[in-house]
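Now for the letters of each chain:
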Amino acid sequence: MIFLEKTFLMIKPDGVGKKLVGEVLGRIERRGLVIEEMKLMRLDKEMAEEHYAQHRDQPFFDDLINYVISGAVVAMVVSGKNAVSVIRKMIGATNPFEAEPGTIRGDFALDVSENIVHGSDSAESAKREILLFFGE
Ligand code: IDP
Ligand code: MG
């Protein structure tokens, strides 16, 4: 089944710091996906904790929050056919050791705690995250 859907993608502080914004946007555009909304912003602690609420009980939670609030992020809504799973494939595995070359993490990251980008893991997560960041 093909779904025309929206997903949420965020270039995390290490991605912005490594000057990978253009690289990530270029990959999204060249794939034929559409950037519907985009903003450069800084997350506060409350918003970061809300965004990553599902990981609240993980041992890495505090480090994750401190990392994601440590600098500017680029948040965006991306649309296209099967955008949620297409973006997840383009991002690659959570642990960059396992991310295939050709994926964003497989090409630019080597550390599970700093892995360049976030992408929604399901249509439900996308809806929640788009509401949190863009209020729609
Ligand atoms: P995802 O970003 O591929 O969806 P999740 O399991 O949702 O991965 O984890 C959210 C984020 O938390 C990861 O992108 C990464 O930044 C961080 N993270 C996940 N697992 C670990 C870990 O084992 N140690 C440190 N940080 C982690
Ligand atoms: Mg996730």
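Residues numbered from 1 in each chain as written. Chains lettered and ligands numbered in written order. Predicted model: local features only at pLDDT ≥ 70, side-chain atom pairs only at ≥ 80, totals over all residues. Heavy atoms only, no water.

Side note on unusual backbone geometry
Stated precisely, the cut-off is as follows: Under the DSSP-based scheme used, a helix requires at least four consecutive residues in state H or I and a strand at least two consecutive residues in state E, with every element numbered from the N terminus. With a 1.4 Å probe rolled over the protein chains alone, any residue whose accessible area is under 20% of its type maximum counts as buried; one over 50% counts as exposed, and the rest are partly exposed.
With phi around 60°, Lys19 is a residue other than glycine that occupies positive phi space. Within the secondary structure, Lys19 sits in the loop between helix 1 (13-17) and helix 2 (21-31). Owing to a relative accessible area of 72%, Lys19 belongs among the exposed residues under this scheme. In this model, Asn82 sits at a positive phi of 50°, which is unusual for a non-glycine residue. Among the secondary structure elements, Asn82 is positioned in the loop between strand 3 (73-81) and helix 5 (83-91).

Re helix 4 (residues 61-68)
What counts, and what does not: The directions considered for the arc run from the helix axis to the C-beta atoms. Any pair of residues with heavy atoms lying within 4.5 Å of one another is described as a contacting pair.
For helix 4, the complete set of buried residues consists of Phe61, Leu64, Ile65, Tyr67 and Val68. Buried residues along helix 4 cover an arc of 160° about the axis, so they all sit on one side. Looking at helix 4, the residues exposed on the side facing more than 90 degrees away from the buried face are Asp62 and Asp63. Buried positions along helix 4 lie against strand 1 (4-11), helix 1, helix 3 (45-51) and strand 3.

Structural notes on the nonpolar core
The test is simple: By convention a nonpolar core is built from buried Ala, Val, Leu, Ile, Met, Phe, Trp, Tyr and Cys residues, the set being connected through side-chain atoms within 4.5 Å.
If you look at the biggest cluster of nonpolar residues, it comprises 20 residues, and the most contacted ones within it are Leu9, Ile11, Ile28, Leu33, Met76, Ile87 and Val117. Of all elements in the fold, only strand 1, helix 2, strand 3 and helix 5 reach the threshold of two or more residues within this core. Sorting elements by how many residues they give to this core places helix 5 first, with five residues. Leave out the neighbours within four places in its chain, and Leu33 touches Ile28, Val78, Ser79, Gly80, Ala83, Val86, Ile87 and Met90. In this structure, Met47, Tyr52, Phe61 and Ile130 belong to the second largest nonpolar core, which totals 18 residues.

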